[in-house]
Amino acid sequence: MKQRPPVLQGLLVALFVAYMILPIIATYTFSIATKWDITLMPEGYTLEWYQTAFDHPYFSITLTNSFIVSIAAVLVGLLFIVPTTYWVHTRVPAAKPLLDLLMILPFGIPAVVLALALIRVYAFPPFARSPFLLISACVIFSMPFMYRPISNSLMAIDVHTLTESALSLGANTLQILIRVIAPNILPGILSGSLLVFATVFAEFTLANLITGASFKTFPILLVEFTRRDGRIAAALSVISFTVAWFASIAILWVSGRGRKPTEEALGAR
Amino acid sequence: MAYLELKNVSKLFGPVAAVKDFHFAVAKGAFVSLLGPSGCGKTTTLRMIAGFEMPDAGAITLDGTDITSVPPNRRGTGMVFQAYALFPNMNVRDNVAFGLEVTGHPKQEIEGRVREMLALVRLDDTAKRFPHQLSGGQQQRIALARALAIRPRVLLLDEPLSALDAVVRVALRGEIRRIQLELGITTVYVTHDQEEALSISDRVVVMNQGLIEQAGTPEEIYRQPKTRFVAAFIGTANQLNGVVVDRTQVRFGETMLRAPVPSGLKESSKVVVLVRPESIAIHAAAPTDAHNVLEGTIQTITFLGPITRLGVDIGGTRVVADMAASSRAAFTHTQHVWLSFPPDACQVMAEK
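This one's a predicted model, so the numbers in the text were calculated from it and none came from an experiment. (Residues numbered from 1 in each chain as written. Chains lettered and ligands numbered in written order. Predicted model: local features only at pLDDT ≥ 70, side-chain atom pairs only at ≥ 80, totals over all residues. Heavy atoms only, no water.)

Caption draft 1: Broad picture of unusual backbone geometry. In this structure, the amide linkage connecting Pro 125 of chain A to the following residue, Pro 126 of chain A, adopts the cis form with an omega of 0°. Positionally, Pro 126 of chain A belongs in the loop between helix H5 (111-121) and helix H6 (131-156). A positive phi angle, close to 55°, is found at Asp 63 of chain B, a residue other than glycine. Tracing the chain through its elements places Asp 63 of chain B in the loop between strand S4 (57-62) and strand S5 (65-66). For Asp 63 of chain B, a relative accessible area of 45% translates into the label partly exposed. Phi is positive for Asn 292 of chain B, which is not a glycine, with a value near 45°. With respect to the helices, strands and loops of the structure, Asn 292 of chain B is situated in the loop between strand S15 (281-283) and strand S16 (293-303). (Helix = DSSP H or I, 4+ residues; strand = E, 2+ residues; numbered from the N terminus. Buried < 20%, exposed > 50% of the residue type's maximum accessible area, 1.4 Å probe, protein only.)

This is the structure:
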């Protein structure tokens, strides 16, 4: 491989870091700035904007709502995607390209179109404009993020032999799925769940159009604040980042714990 | 008495018949090998017994009951796969206990059975290890313990040794046979390795292109191959093309060979005379008191350890003959030699 000159290499890394990190640092700084418009750095620092955000009557409601929608989307997504993908991989491998194609479709449909279409089709109770419809829309919208990692994990293991071994030992399909397949594709399940959680947590268009004021989510509150005061919006963004980071850390911790027995056994050897 | 019986079983994959009209019975406690080249239908046959493939015709019965349409998880057939079939997320204990746990056995019984099975395969101290911490041979022994833990009615082995290296392979096949005899479990073993099949089986079924070529004891298969395919597939056999002269003589080129001609073969019909290399004696000078003497030139000398194999050109036909390595006689390339073999070492079959 061709080696780039170290200076150029350093520059490229620096540019990349700046591109990724600077907006985040700016948002964090802005959320604790008293005034920051004509100076290079803020004129003073304060936690007032966080106070305002926390005190807002809708703060905890929207945060809770967003958690409900995100976690529900992850669970429903897992419930649909894992058995379906497993089934296609083992029983109808010929349908895999079709499934791949289906799972890309949500990328091709703009959220606005998806939301308006769903609102028109499901115009009757209990679905009309309900959180159920929002969760269902989010599941569809985030499906590719759940499907890809799970499908890749299934391809990385010998699904057929594992399934047949378990079958010959007397296990039924549910037992095979829960005790054999799921643990072996755990990395895929975790990264899929993380991607879906993050995507749905930050989702604005669907929530705004489907439930709107009747079931406000965190991004809706954030947008409302953007219109009032950018600094409060920045504080909310920081909170949103923090939630996403905590979710990642929690998932990494869980997956790390799953690997522990192996290390213990290795140590015992 | 037949314990496991396949009655005229056929399996098609699209237009191709993987197994055609397979009819065979396995006695209780017997060790039967399905032997043949890849694509001969042996694995498909095994998978039909396990229930992973559904026969297109015929029936499979086990202990008197028809199991043709019983799903694989209710057949009570333990299966060992070629490789990588242990559950990677579970340690050895959990792997062996799996079949008992999913079928709801009491905990105490499970623990006892796991210990018993690990002792049986002589890996008592590995219970806490994970599959990736075991060697290939150990993994296959655990796979065997796992399959046996459920006390299966039939043990099915699908080329369990082919992913292992030669030394482990030979040791483990002895181990498999020991365990099989100890438990007296009816076993069907699939392999493409004829030496493996002959060394551990009570009966061998040689398959080719979905059909049974011959079924019999290892000795029968080796000494009395019924078809040219079996003769060529099992061990090494020289095939001399000739013409029947009478009930005791076949003309091979200019030479008259004395050989027992089966009554089904008419005079002047084209036949093949089979002779195993170990039945052929090699002489540096023309023998006077021997039957079936052929004259030729040494082409190749291959040292194989206990024996040395000579390739001799007999007027355009290559014949191989084995010589004990302890034999002092020294032969060189292009040396002129005489080969001889007794009439009862010959087997005559139609050329087809």
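Caption draft 2: Representation of the domain arrangement of chain B. All names here are of chain B. You can read the domains of chain B as domain 1 (2-232) and domain 2 (236-350). Summarising the inter-unit geometry, the C-alpha centres of domain 1 and domain 2 are found 39 Å apart. At the interface, 10 residues of domain 1 touch 9 residues of domain 2. When domain 1 packs against domain 2, close to 760 Å² is buried across both sides, 42% of that on carbon and sulfur atoms. Considering only the side of domain 1, the residues that lose the most area to domain 2 are Tyr 222, Arg 228 and Ala 231, jointly responsible for 69% of the buried surface there. For the pair domain 1 and domain 2, the interface holds 0 salt bridges. Of all the elements in the fold, those that place two or more residues in the side of domain 1 that touches domain 2 are helix H7 (218-223) and helix H8 (228-233). The class makeup of the residues in the side of domain 1 that touches domain 2 is 5 nonpolar, 2 polar and 3 charged. (Domains from an automatic or database assignment. Contact = heavy atoms within 4.5 Å. Buried area = accessible area lost by both parts, 1.4 Å probe. Salt bridge = Lys/Arg side-chain N within 4 Å of Asp/Glu carboxyl O. Nonpolar A, V, L, I, M, F, W, Y, C, P; charged D, E, K, R; others polar.)

Caption draft 3: Here's a closer look at the interface of chain B and chain A. Opposite the 28 residues of chain B that make contact, chain A presents 21 residues. In total, chain B and chain A occlude about 2200 Å² of area from one another, counting both sides; carbon and sulfur atoms represent 62% of this. Considering only the surface of chain B that becomes buried against chain A, Asn 73, Val 102 and Gln 133 of chain B emerge as the three largest contributors, covering 24% of it. Our enumeration of links across chain B and chain A arrives at 2 salt bridges. Of all the secondary structure elements, the ones that give two or more residues to the side of chain B that touches chain A are strand S6 (77-80), helix H2 (92-102) and helix H4 (136-149) of chain B. Looking at the side of chain B that touches chain A, the element that brings in the most residues is H2 of chain B, giving 4 residues. Grouping the amino acids of the side of chain B that touches chain A by side-chain chemistry returns 16 nonpolar, 7 polar and 5 charged.

Caption draft 4: Region of the structure containing the packing of aromatic side chains. Residues and elements named next belong to chain A. Tallying each qualifying case throughout the model produces 19 aromatic pairs over all chains. Seen in terms of ring centroids, Tyr 122 and Phe 124 are 6.0 Å apart; in terms of plane orientation they differ by 50°. Their pairing is tilted. Accessibility expressed as a relative area gives 33% for Tyr 122, which makes it partly exposed. Look at Tyr 122 and Phe 127: their rings are 5.7 Å apart centre to centre, the planes differ by 70°, and that puts the pair in the edge-to-face class. One aromatic cluster in this structure is built from Phe 54, Phe 59, Phe 67, Phe 197, Phe 201 and Phe 218. (Phe/Tyr/Trp six-rings, centres within 6.5 Å; stacked < 30°, edge-to-face > 60°.)

Caption draft 5: Molecular detail of a nonpolar patch on the surface. Together, Val 13, Phe 16, Val 17, Tyr 19, Met 20, Ile 21, Leu 22 and Ile 25 of chain A make up a nonpolar patch on the protein surface, roughly 820 Å² of accessible area in all. When you line up the elements, Met 20 of chain A lands in helix H1 (residues 6-31). (Patch = residues over 30% accessible without salt bridge, like charges linked within 9 Å, V, L, I, M, F, W, Y side chains within 5 Å. Areas by Shrake-Rupley, 256 points an atom, 1.4 Å probe, with all protein chains shown as cover.)

Caption draft 6: Up close: the pairing of strand S7 (residues 154-158) of chain B. All names here are of chain B. By the criterion of burial, S7 is predominantly enclosed, with 5 of the 5 residues buried. Side chains of S7 alternate between two faces, with Val 154, Leu 156 and Asp 158 and Leu 155 and Leu 157 buried alike. Where S6 lies against S7, 4 bridges are found, and the strand directions are parallel. Its bridge partner being in S7, Val 80 is matched across the sheet by Leu 157. The pairing of S7 with strand S8 (residues 186-191) spans 5 bridges and is parallel. Across the sheet, the residue bridging to Leu 155 is Thr 187, located in S8. (Pairing = 2+ DSSP bridges.)

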